[in-house]
Amino acid sequence: MLAACMLFSTLIAFPPISFRRTFTPSTALKTSRLASSWESFDYSENPKAQTFTKDKAPTSVLQLPESSIHIAISLLSPFLTSPRLAKLNDVLSRRDLDTIFLFENPTNPSNVYACLRTLDSFGIQNSHVINNDADRRATADPLPIRQPSTLTLKQSNRGARTAAGAAQWVSVTSHPEGKSSSSIMNDLKEDGYTIFVSSLGGSSIDVREVDFEFGEGEELSPSKVCIVMGNEELGVSDEMVECADVLFHIPMVGFAESYNLSVATALTCAYISSSKTRNSNSNSNSNSNSNSNSNSNSNTNSNSNDDKKARLLLRWIIQSLPRKGMGEALLRREGLLNTK
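Values in this document were obtained by computation on a predicted structure and should not be read as measured data.

Definitions and cut-offs
- Counting restarts for each chain, with residues numbered from 1 along the sequence as it is written.
- Local features are withheld for residues below a pLDDT of 70 in this predicted model, meaning they are given only at 70 or higher, and side-chain atom pairs are given and counted only at 80 or more; totals for whole chains, interfaces and linings count all residues.
- Side-chain figures throughout are based on the complete set of non-hydrogen atoms in the structure, without hydrogens or water.
- Only DSSP runs of H or I with at least four residues qualify as helices, and only runs of E with at least two residues qualify as strands; both kinds are numbered from the N terminus onward.
- Take the residue count of a helix, subtract one, and multiply by 1.5 Å to get its expected span.
- Using a 1.4 Å probe on the protein chains alone, a residue whose accessible area is under 20% of its type maximum counts as buried, one over 50% counts as exposed, and one in between counts as partly exposed.
- N or O atoms within 3.5 Å of each other form a polar contact, as long as, within protein, one can give a hydrogen and the other can take it, and as long as residues adjacent in sequence are counted only when both atoms are side-chain atoms.
- Two strands form a pair only when DSSP identifies at least two bridges running between them.
- Cysteine sulfur atoms are paired as a disulfide whenever they fall within 2.5 Å.
- Geometry of aromatic contacts follows a simple scheme: Phe, Tyr and Trp rings, the Trp one being its six-membered ring, pair when their centres are within 6.5 Å, and the pair is stacked under 30 degrees between planes, edge-to-face over 60, tilted otherwise.

Asks: I'd like a description of helix 7 (residues 109-121), backed by residues and values.
Replies: Taking 1.5 Å as the rise per residue, helix 7 with 13 residues should run 18 Å; its terminal C-alpha atoms sit 19 Å apart, in good agreement. The complete set of buried residues in helix 7 reads P109, N111, V112, Y113, C115, L116, T118, L119 and D120. Near the N-terminus of helix 7, the side chain that reaches the backbone nitrogen of S110, with its oxygen 2.9 Å away, is that of N108. Immediately downstream of helix 7, the backbone of G123 shows phi near 80 degrees, a positive value.

Asks: Which residues make up the sheet that holds strand 4 (residues 193-198), and what values do they have?
Replies: Hydrogen bonds between backbone atoms are what pair the strands of a sheet, whose relative direction is either parallel or antiparallel. Read across the sheet, 7 strands follow the order 3-2-1-6-4-7-5 without closing on themselves; strand pairing throughout is parallel. Pairing within the sheet leaves two strands with one partner each, and these edge strands are strand 3 (171-175) and strand 5 (205-206). As judged from the 5 bridges shared by strand 1 (residues 96-104) and strand 6 (residues 224-229), these two strands associate in the parallel manner. The residue bridging L102 from the neighbouring strand is V228, located in strand 6.

Asks: Describe the state of the cysteines, with residues and values.
Replies: As enumerated under the stated definition, the model contains 0 disulfides in all. The thiol of C269 is unpaired, and the distance to the nearest cysteine sulfur, on C115, comes to 8.4 Å.

Asks: Go over the packing of aromatic side chains with me, naming the residues and quoting the values.
Replies: Evaluated as defined, the whole model comprises 4 aromatic pairs. Centroid distance F196 to F212: 5.1 Å. Interplanar angle 45 degrees. Geometry classified as tilted. One end of the pair, F196, is in strand 4; the other, F212, is in the loop between strand 5 and strand 6, with 16 residues separating them in the sequence. With centroids separated by 5.8 Å and ring planes inclined at 85 degrees, the aromatic side chains of F212 and F248 adopt a geometry described as edge-to-face. Separated by 36 residues along the polypeptide, F212 in the loop between strand 5 and strand 6 and F248 in strand 7 (residues 246-249) bring together distant segments of the chain. Counting every residue linked through ring pairs, the aromatic cluster contains F196, F212 and F248.

All we've got here are geometric facts, nothing functional implied.
Now the structure itself:
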């Protein structure tokens, strides 16, 4: 009886100890899991690219002549795992190189990063950012708006860091502050792009009525499309409206006056995808024959895109290599790059 009482007192004084083992994965295990997960590789808490103004692939590699691109790809591909290389090729096969999203004077860098992740998800490779209208924004808003010349990233913002992970997979052209919107648009038009501008102006049409393959009627037959999204607070500039081939808007029926920039971009991407899918199905069911000129133009565009995709694949491979500078070092060793 005495022994039982002593045991009971001991149990009260010293609660039972949990023998459940807390397992903490080793650093090596964490690394191997990260390397095996494409989702972690893309959008981990510490993505490889923190700003889209800096490319991991050195300029010397990206400027290789066309004759060396496929040789470089064959040389570097064995250093990637088979699943990752297969993922790169699969994404590349679905990439749209003929559609551009252009963001005019965005206020919040995090919004742009969210847009880039959306573009990556829809397979749209190219985007442009214009920062040339600080005076207009300062005049319209009495509060100072912080507008970095290069869209930097707050490291404390986990959501922004996550979205920024997609920036390294898309191509972003940042235009200097001194270049006007009309000058940039004229350059794109000369390159064959049709300009679709998001605007609430009087002549703007419902995005659901826009055929992004044929514009606002068959007089426009763009093979290249540029979608312009304006500033979060002020929209697009008057200069940009004058450059538009088509003005469109996303209808709203609530109390809010506008969509968030990333939401508007996502909705527009969805309508573009739907429009192209409908036209693709219509063309496949049609028995009409194309003339020789259209076939020639189509072949030219196809060859141009094949060259661009090969260069893009090389860039992605270099960004996927386990060590920084590894791709450049290997290409120099094989004589594809000049040694310093």
